[in-house]
Every structure is written in C-alpha cells, then in structure tokens.
Amino acid sequence: MMLFEEHGELLNLFEKFKELKTREDQANSLELAEHASTVMNTLDEGIKGLDNLDAFFEYLHQVGASHRRIPGFKVEYFWKIEKPFLTAVETTLGDRYTENVENIYKITIKFIIETLIKGYDNANATT
C-alpha cells in the first residue's frame, strides 16, 4: 500500500483505482489491498524462484511483459516498488533486519526489477 501512498500517479493507471483520492479511500479499498498483495506475492515468488533460474527468468519476464497491456505504464515505474519492498522486509524481520540482510535484499530487489524490465523490454521487441 505504501507504493500507492507515495506514488498516487500509479493509481491513475488502473481504471478501478482512479477514484481512490484519499489515504482513507485507499486504505478501505479491498481491490487495492488485493492488488498490493498481488505485487508482494509476485516479488515473493521471484525470490522463491531463485533456486531455479530458468523458472525465475520465465516468470518475471512474463510479469514484466504483462505490464505492456497497462495503458500509460512506463518502465521506470518498476523501480517505485524498491523502497516499499525494503520497508516491508524491515517491518517483517524487525530485529533480524541487519545491515547484511538489508544489503542482500537490496541486491535481490534490484535483480528482480531488472529482470521485470528485461521482460517488459523484450515484449516490446516482439510486438
């Protein structure tokens, strides 16, 4: 949800979220919460897939390519998930979120985002 709080312009990409102008509206929207959960599940699946790189690349390339169908989506929007993701990891891990763990997750999210972007860009090359 922090992603959409900090980057309200992203809500305008989705017809069903355009009317969510206030934080309260956003917090009370089950559809937005479901979408936020989908984003986090995608990142989670990406991380889980790191033990099978073929499946990892295929999955994230496919997710990246799927964003071509969103009118007005710009590839740089993928980077907007980095900070909310790291904040969510820090909140989840609490005291276990050490500097070393932070560095690992920073590298991981960067790798995931770069892979999403490659899928997005490759979809453009084939259309």
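About the thresholds
Residues numbered from 1 in each chain as written. Predicted model: local features only at pLDDT ≥ 70, side-chain atom pairs only at ≥ 80, totals over all residues. Heavy atoms only, no water. Helix = DSSP H or I, 4+ residues; strand = E, 2+ residues; numbered from the N terminus. Contact = heavy atoms within 4.5 Å. Salt bridge = Lys/Arg side-chain N within 4 Å of Asp/Glu carboxyl O. Buried < 20%, exposed > 50% of the residue type's maximum accessible area, 1.4 Å probe, protein only. pLDDT = per-residue confidence, 0-100. Expected span 1.5 Å × (residues − 1). Arc of directions from axis to C-beta.

### Here we look at the environment of Leu 86
1) Next: Mapped onto the fold, Leu 86 is located in helix α5 (residues 82-93).
2) Next: As for Leu 86 and Glu 114, which are separated by 28 residues in sequence, their C-alpha atoms are 16 Å apart.
3) Next: Residues within four places of Leu 86 in sequence aside, it is in contact with Tyr 97, Tyr 105, Lys 106 and Ile 109.

### Quick look at the pattern of salt bridges
1) Next: With the rule as written, the count across this model stands at four salt bridges.
2) Next: In this structure, the salt-bridge partner of Glu 102 is Lys 106, at a minimum N-O distance of 3.6 Å. With Glu 102 and Lys 106 both in helix α6 (residues 99-126), this residue pair falls four residues apart, about one helical turn.
3) Next: Looking at Glu 102, the relative accessible area reads 26%, which means it is partly exposed.
4) Next: Among the residues examined, Lys 106 registers a relative accessible area of 37% and is labelled partly exposed.
5) Next: Each of Asp 44, Glu 45 and Lys 48 takes part in salt bridges that share partners, so that together they form one network.

### A short note on the confidence of the model for the chain
1) Next: Per-residue confidence for the chain averages 86 on the pLDDT scale, and 92% of its residues sit at or above 70.
2) Next: The least confident element of the chain is helix α1 (residues 2-6), whose mean pLDDT is 69; the most confident is helix α4 (residues 53-66), at 94.

### Points about α4
1) Next: In this model, α4 (14 residues) spans 20 Å end to end at C-alpha, consistent with the 20 Å of a helix rising 1.5 Å per residue.
2) Next: Regarding α4, the residues found buried are Phe 56, Leu 60, Val 63 and Gly 64. Buried residues in α4, looked at end-on, bunch into an arc of 100 degrees, giving them a common side. Residues of α4 that are exposed and angled more than 90 degrees away from the buried face: Asp 54, Glu 58 and Gln 62.

### Overview of helix α3 (residues 30-48)
1) Next: If you check α3, its first and last C-alpha atoms are 26 Å apart, about what 19 residues at 1.5 Å a residue would give, namely 27 Å.
2) Next: Inspection of α3 places Leu 32, Ala 36, Thr 42, Leu 43 and Gly 46 among the buried residues, and these make up the whole buried set. Projected onto a plane normal to the axis of α3, the buried residues spread over an arc of 110 degrees and lie on a single side. Facing away from the buried side of α3 by more than 90 degrees, the exposed set consists of Leu 30, Glu 34 and Lys 48.

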